[in-house]
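Structural description and commentary
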Amino acid sequence: MDTTTTILNSARNTILIESKSIANLTEYLTEDFAKATEIIYKSKGRLVITGIGKSAIIAQKIVATLNSTGTPSVFLHAAEAVHGDLGMVLPDDVIICISKSGNSPEIKVLVPLLKRFGNILIGMTADLNSFLGKESHYVLHAYVESEACPNNLAPTNSTTAQLVLGDALAVALMELRNFKSEDFAIYHPGGALGKKLLLRVKDMLDTRHTPQVAPNASIKEVIVEISEKRLGVTAVIEAGKVIGIITDGDIRRMLNTNDTFTHLQAKDIMTHNPKNISSSILVADALSILENNAITQLVVIDDGVYKGILHLHDILKEGIV
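Residues numbered from 1 in each chain as written. Predicted model: local features only at pLDDT ≥ 70, side-chain atom pairs only at ≥ 80, totals over all residues. Heavy atoms only, no water.

Another point: the overall build of the protein. Scanning the protein from N- to C-terminus turns up 15 helices and 12 strands. Computed over the C-alpha atoms, the radius of gyration of the protein is 30 Å, more than 25% above the 20 Å expected from 2.2 N^0.38 for a compact globule of 321 residues. Along the longest, intermediate and shortest principal axes, the C-alpha atoms of the protein span 90 × 60 × 35 Å. Looking at the protein as a whole, 41% of its 321 residues qualify as buried. Sequence-distant contacts in the protein: of pairs separated by 6 or more residues, those separated by 24 or more amount to 62%. Accessible surface for the protein amounts to roughly 17100 Å². Of this, 53% is attributable to carbon and sulfur atoms. Within the protein, one finds 30 positive and 35 negative side-chain charges whose respective centroids are separated by 2 Å. (Helix = DSSP H or I, 4+ residues; strand = E, 2+ residues; numbered from the N terminus. Rg over C-alpha atoms; globule rule 2.2 N^0.38 Å. Buried < 20%, exposed > 50% of the residue type's maximum accessible area, 1.4 Å probe, protein only. Contact = heavy atoms within 4.5 Å. Areas by Shrake-Rupley, 256 points an atom, 1.4 Å probe, with all protein chains shown as cover. Lys, Arg positive; Asp, Glu negative; His and termini not counted. Charge placed at Lys NZ, Arg CZ, Asp CG, Glu CD.)

One open sheet accounts for 4 strands, arranged E6-E7-E8-E9; its pairing is mixed. Only two strands of the sheet have a single neighbouring strand rather than two, namely strand E6 (212–213) and strand E9 (271–272). Here strand E7 (residues 233–238) pairs with strand E8 (residues 241–247) via 6 bridges, running antiparallel. Following the sheet pairing, Val236 is matched in E8 by Gly244. Lying over the sheet, helix H12 (residues 248–257) contacts E8 and E9, oriented at roughly 60° with respect to E8. (Pairing = 2+ DSSP bridges. Axes fitted to C-alpha atoms, helices over the stretch in contact; angles between N-to-C directions.)

Attention shifts here to the sheet that holds strand E10 (residues 276–277). With mixed pairing, the 3 strands of this open sheet are ordered in space as E10-E11-E12. At either end of the open sheet lies a strand with only one pairing partner, and these are E10 and strand E12 (305–311). Note: strand E11 (residues 297–302) against E12, 6 bridges, orientation antiparallel. When the sheet's bridge partners are listed, Ile301 is paired in E12 with Tyr306. The strands touched by helix H14 (residues 283–293) are E10, E11 and E12; relative to E11, the strand with the most contacts, the crossing angle is about 130°.

Turning our attention to the nonpolar core. Of all hydrophobic cores here, the largest spans 25 residues; its most connected members are Ile40, Ile49, Ile96 and Ile122. Of all the secondary structure elements, the ones that give two or more residues to this core are helix H2 (31–42), strand E1 (47–51), helix H3 (54–68), strand E3 (94–98), strand E4 (120–125), strand E5 (138–141) and helix H7 (157–176). What Ile49 contacts, discounting residues up to four positions off in sequence, is Ala59, Ile62, Val63, Leu66, Val74, Phe75, Leu76, Ile96 and Ile98. Of all hydrophobic cores here, the second largest spans 15 residues; its members include Ala81, Cys97, Ile107 and Leu114. (Core = buried A, V, L, I, M, F, W, Y, C linked by side-chain atoms within 4.5 Å.)

Turning our attention to the packing of aromatic side chains. Two numbers describe a pair of aromatic rings. These are the distance of the centres and the angle of the planes. For the coordinates displayed, the defined rule picks out 1 aromatic pair. Look at Tyr28 and Tyr143: their rings are 5.3 Å apart centre to centre, the planes differ by 80°, and that puts the pair in the edge-to-face class. Remark: Tyr143 occurs in the loop between E5 and H7 and Tyr28 occurs in the loop between helix H1 (3–24) and H2; sequence separation between them is 115 residues. For Tyr28, a relative accessible area of 24% translates into the label partly exposed. Judged by its relative accessible area of 29%, Tyr143 is partly exposed. Here the guanidinium or amino end of Arg116 rests over the ring plane of Phe117, the centre of that ring lying 5.4 Å away. (Phe/Tyr/Trp six-rings, centres within 6.5 Å; stacked < 30°, edge-to-face > 60°. Lys NZ or Arg CZ within 6 Å of the ring centre and 35° of its normal.)

In terms of residue burial, E12 counts as a mostly covered element, since 5 of its 7 residues are buried. Linking E11 to E12, which pair antiparallel, is a turn of 2 residues; within it Asp303 sits at a positive phi near 50°.

Moving on: the environment of Val89. Among the structural elements, Val89 can be located in the loop between helix H4 (78–81) and E3. In this structure Val89 comes out as buried when scored by relative accessible area, which is 12%. Considered as a pair, Val89 and Gly45 are 44 residues apart in the sequence and their alpha carbons are 9.6 Å apart. Beyond its immediate stretch of four places on either side in the chain, Val89 contacts Arg46, Val48, Leu76, Ile95 and Asn119.

Between H1 and H7, the least distance of the axes is 9 Å, while the angle of their chain directions is 45°. In this view, H1 runs oblique relative to H7, as classed from their interaxial angle. H1 and H7 meet at a crossing whose hand is right-handed. Touching Ile17, Glu18, Ser21 and Ile22 of H1 are Asn157, Thr160, Ala161 and Val164, all from H7. Broken down by class, the residue content of the contact of H1 with H7 amounts to 4 nonpolar, 3 polar and 1 charged. (Parallel < 35°, antiparallel > 145°, perpendicular 65-115°, else oblique. Left-handed = near helix turned anticlockwise from the far one by under 90°. Nonpolar A, V, L, I, M, F, W, Y, C, P; charged D, E, K, R; others polar.)

The antiparallel pairing of E7 with E8 creates a hairpin that spans 2 residues between the two strands, and Ala239 there sits at a positive phi of about 55°. Across 2 bridges, E8 lies against E9 in antiparallel orientation. Within the sheet, the bridge partner assigned to Gly244 lies in E9 and is His272.

Written out as structure tokens, the structure reads:
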């Protein structure tokens, strides 16, 4: 068997083993999961998540997920906790302690200290009979039969199980809060995701360059306007209202069908009733309109007043796609 085949077989085997372990987690969900979720939901404090080793790394990811989905959370490293970081735990905070064995020395030292403050302690462990399992008020059972590691040593299935339980907790809390995409956007204002959820046409519309010509404008005037504004289009305005648009494609089609255009005016080649949008709509929605109609520009009109042109290239520059 060649090396490539060996590697691919190993990868497939690991994925299958881990996926089976994750599927089995549904067998270990108890009322403790529901009660713990409700307590976190009703808490007036934050959720403090602690762990040691690989479990600490998982704890940090769960904290990040919860913070971004409406549950204020902080990470507390189990080893650092006993050297001063316990000071970050406030009276109303709920605590989740993550440990596969539930018996590590750091956990045995930390758990009594956490309980001394009177906070609710939720354990996430593979062993219900461990020190952490017995000392916790509620237990999230992250049991796995073995690790995907061929030596059954490196945390693989176990850390994936912890991560999935954290995701299940976050989603359950989102549903309890009726957390919507608008709420999600508040916590993700940056990057493509934030722009997709928050950016509106008026936020990016260039109102300084609004190409427009009169209905009786000559074709030369139309071409000059399109060229100067560099949007590949101009609106045709009459009595303050948009009555049509002319694109560079309209110009090309006119040249293909006419030997001369000196007798033509803007109104003769314009497209009537162009697609238009309000400046208040989301740019992501405007993009959908462009894609559904196979066009590259939209006329922006607010209360009958022409505001400008939104071009596909402008949206692409913003990184919405």
